[in-house]
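# Observations on the model geometry
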Amino acid sequence: MAADTIHKFGFIVHCRSTKELRLALGFYKQNPAALLPEKALKQYCLNKGFIKDIFTFDKVISDKGVVCQGKAFCIFLTPDQFLEHQTYSTELVVKASKMAEAWGAEMIGLGAICAVVGARGVEVADNCTSAVTTGNSLTVYASVIQFEKIMQRLAVDPLKHKIVIIGFPGSIGLALTKILYQKGHKLVLVSRQKTAFLKKFLESLSAGSGEIEVTQDVESAIQKGRIILTATSSGQIIDQDMLLPGSVVFDIAQPKDVIYRRDARKDVLIVDAGLISLPRSTKKRYRYSGLGPNDIPSCLGETMTLTLEKRWERFSIGRELDLDKVQEIGRLSEGHGFVFDDFRTFQKPISTENFEATKKAIHKAV
Ligand SMILES: NC(=O)c1ccc[n+]([C@@H]2O[C@H](COP(=O)([O-])OP(=O)(O)OC[C@H]3O[C@@H](n4cnc5c(N)ncnc54)[C@H](OP(=O)(O)O)[C@@H]3O)[C@@H](O)[C@H]2O)c1
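Computed from a predicted model, the values in this text were never measured in an experiment.

Attention now goes to the pattern of salt bridges. This model, assessed by the stated rule, comprises 21 salt bridges. A salt bridge links Lys-199 to Glu-203; its shortest N-O distance comes to 3.2 Å. Taken together, the positions of Lys-199 and Glu-203, both in helix α9 (residues 196-203) and four residues apart, correspond to about one turn of that helix. Looking at Glu-203, the relative accessible area reads 53%, which means it is exposed.

Let's shift gears to the pairing of strand β9 (residues 227-230). Of the two faces of β9, the one lined by Ile-227 and Leu-229 and the one lined by Ile-228 and Thr-230 are each fully buried. In the sheet, strand β6 (residues 162-168) pairs with β9 via four bridges, with the strands oriented parallel. Across the sheet, the residue bridging to Ile-166 is Thr-230, located in β9. Pairing of β9 with strand β10 (residues 248-251) involves four bridges; the strand directions are parallel. Paired with Ile-228 across the bridge in β10 is Val-249.

With respect to the helices and strands, the residue Ser-247 is situated in the loop between β9 and β10. Reaching out from Ser-247, the side chain makes a polar contact with the backbone oxygen of Leu-244 at a distance of 2.6 Å. When near neighbours in sequence (up to four residues on either side) are disregarded, Ser-247 contacts Arg-226, Asp-267, Val-268, Leu-269 and Thr-358.

Moving on, we get to the site of the ligand. Residues in contact with the ligand amount to 27 residues; listed here are only the nearest, Arg-120, Ser-171, Gln-193, Thr-232 and Ser-234. Ile-252 is positioned with one of its backbone polar atoms (N or O) 3.0 Å from a nitrogen atom of the ligand. At the level of elements, α7 (136-153), β6, α8 (171-182) and α11 (298-309) are the ones that each hand at least two residues to the shell around the ligand. When its residues are assigned to classes, the shell around the ligand shows 13 nonpolar, 12 polar and two charged.

A few words on the sheet that holds strand β8 (residues 211-215). If you trace the six strands from one edge of the open sheet to the other, you get β8-β7-β6-β9-β10-β11, paired in parallel fashion. Only two strands of the sheet have a single neighbouring strand rather than two, namely β8 and β11 (269-272). Between one strand axis and the next, the sheet turns through 20° on average, direction left out of account. Across four bridges, the pairing between β10 and β11 is parallel. Considered in β11, the bridge of Asp-251 is made with Asp-272. Of the strands in this sheet, β6, β9, β10 and β11 are in contact with α7, which crosses β10 at around 160°. Its contacts with the sheet put α8 on β6, β7 (186-191), β8 and β9, and the angle it makes with β6 is roughly 155°.

Counting 79 residues, the largest nonpolar core has Phe-57, Phe-250 and Met-304 as its most contacted members. It is α7 that contributes the most residues to this core, nine residues altogether. The residues that make up this core include at least three from each of domain 1 (7-136 + 278-336) and domain 2 (138-275 + 343-365). In this structure, Phe-250 is in contact with Gln-146, Phe-147, Ile-150, Met-151, Ile-227, Ile-228, Leu-229, Thr-230, Val-271 and Ala-273, ignoring residues within four places of it in sequence. Of all hydrophobic cores here, the second largest spans 24 residues; its members include Leu-46, Ala-96, Ile-108 and Val-132.

This part is about the packing of aromatic side chains. Enumeration according to the criterion identifies 13 aromatic pairs in this entry. Cluster of aromatic residues (ring-pair linked, three or more members): Phe-9, Phe-55, Phe-57, Tyr-286 and Tyr-288. One Lys or Arg, Lys-8, reaches over the ring of Trp-103 and ends 4.4 Å from the middle of that ring. Here the basic side chain of Lys-325 rests over the ring of Phe-315, its NZ or CZ set 4.7 Å away from the ring centre.

When its domains are assigned, the protein chain resolves into domain 1 (7-136 + 278-336) and domain 2 (138-275 + 343-365). For domain 1 versus domain 2, the distance between C-alpha centres works out to 25 Å. Taken together, the contacts link 28 residues of domain 1 with 22 residues of domain 2. For the pair domain 1 and domain 2, the summed buried area comes to about 2,200 Å², and 58% of that belongs to carbon and sulfur atoms. Our count for the contact surface shared by domain 1 and domain 2 stands at two salt bridges. The set of elements that each furnish at least two residues to the side of domain 1 that touches domain 2 consists of α3 (79-84), β13 (295-297), α11 and α12 (323-336). Examining the composition of the side of domain 1 that touches domain 2, we find that seven residues originate from one element, α12, more than from any other. Residue composition of the side of domain 1 that touches domain 2, grouped by class: 12 nonpolar, nine polar and seven charged.

It is worth spelling out the environment of Arg-344 at this point. By secondary structure assignment, the location of Arg-344 is in strand β14 (residues 344-345). C-alpha separation for the pair Arg-344 and Leu-202, spaced 142 residues apart in sequence, amounts to 34 Å. Among residues more than four places away in sequence, those in contact with Arg-344 are Ile-270, Val-271, Asp-272, Leu-275, Asp-295, Pro-349 and Ile-350. A polar atom in the side chain of Arg-344 sits 3.4 Å from the side chain of Asp-342.

Rules and cut-offs
- Residues numbered from 1 in each chain as written.
- Predicted model: local features only at pLDDT ≥ 70, side-chain atom pairs only at ≥ 80, totals over all residues.
- Heavy atoms only, no water.
- Salt bridge = Lys/Arg side-chain N within 4 Å of Asp/Glu carboxyl O.
- Helix = DSSP H or I, 4+ residues; strand = E, 2+ residues; numbered from the N terminus.
- Buried < 20%, exposed > 50% of the residue type's maximum accessible area, 1.4 Å probe, protein only.
- Pairing = 2+ DSSP bridges.
- Polar contact = N/O pair within 3.5 Å; in protein donor to acceptor, adjacent residues only side chain to side chain.
- Contact = heavy atoms within 4.5 Å.
- Near = heavy atom within 4 Å.
- Nonpolar A, V, L, I, M, F, W, Y, C, P; charged D, E, K, R; others polar.
- Axes fitted to C-alpha atoms, helices over the stretch in contact; angles between N-to-C directions.
- Core = buried A, V, L, I, M, F, W, Y, C linked by side-chain atoms within 4.5 Å.
- Domains from an automatic or database assignment.
- Phe/Tyr/Trp six-rings, centres within 6.5 Å; stacked < 30°, edge-to-face > 60°.
- Lys NZ or Arg CZ within 6 Å of the ring centre and 35° of its normal.
- Buried area = accessible area lost by both parts, 1.4 Å probe.

Given below as structure tokens:
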């Protein structure tokens, strides 16, 4: 290839809800089945296994002047269908990846639950000729940076608080736990199951300076701490009414773990964690997946960064992420100019009123 070849990536995603499934079928396929009742609609999509390229980034320009190009390919299934039919959904992710390869992609990123099925990217990587990543390393990096910056802005010392991590021992939850434990934080882990892995993990922690308690129950955990990082694969598990005043939730999950409501509480802050922005050198305004101008999920940011770097390797695959790679991809992404601190709540800028009311409440509580 010529030195100035623009390299391409593919990003594999799925519909995040039945509403999105209906919209996708109507908009991209003009298919009257979009009007079917929910159960019949989902069964129809399951039978058909539709995949469609739905979005093109034709020119992402990094602050170093490097350019890449990519397309998002959407599988018309919902997250619960992905988790219920894991073998089939993995096959569809492989098929979508091959469509991306046929278009010219050399790097494949797996979005949301596409990164969970198939042994967290392993089976897809085994069946593709191009490089595959879940993008979870940059997601962890972005979440930690965002956690630290929001704490600074709230003038809160997180070492004085219990930090709740929901979604343990998932790929993201596990890496966050290791990093925050090493930094000396007091952690409350929510793990649905008491597994041998959990026991082994807790035994391996003796070298760190943090403290860890484990619970199986989300509701009791978020009564123990006001700073919460959540990354489950279920989504929609936290009702805002369950939160203590002054709670700050870093909601990494896709679909979101915190349930949206129009009359959102002002005394709690729900941060769209893992959300980053394209480098400012990218002048064109992309509106990806209903997000703000040039906002993207960090798993997509990792896919772009690896493409800009021509790093054709399995970067983040499997449950246990390499913490050195988390730091490395963060450095590389920052070097290309991706933006990590343009904070959002439910895809909108955080209001001063929301920020100040949360700040007052968390300081009052300590
Ligand atoms: N914001 C971003 O840019 C971004 C980027 C990448 C991924 N994500 C999202 O991050 C989330 C986690 O991804 P991952 O790769 O870490 O997934 P994962 O490895 O499957 O981990 C998910 C964890 O959540 C736990 N869990 C599921 N439902 C739960 C519930 N109701 N209560 C408590 N724990 C529950 C699972 O428990 P079990 O072990 O018992 O099954 C598992 O340990 C997903 O929603 C993904 O889409 C976001």
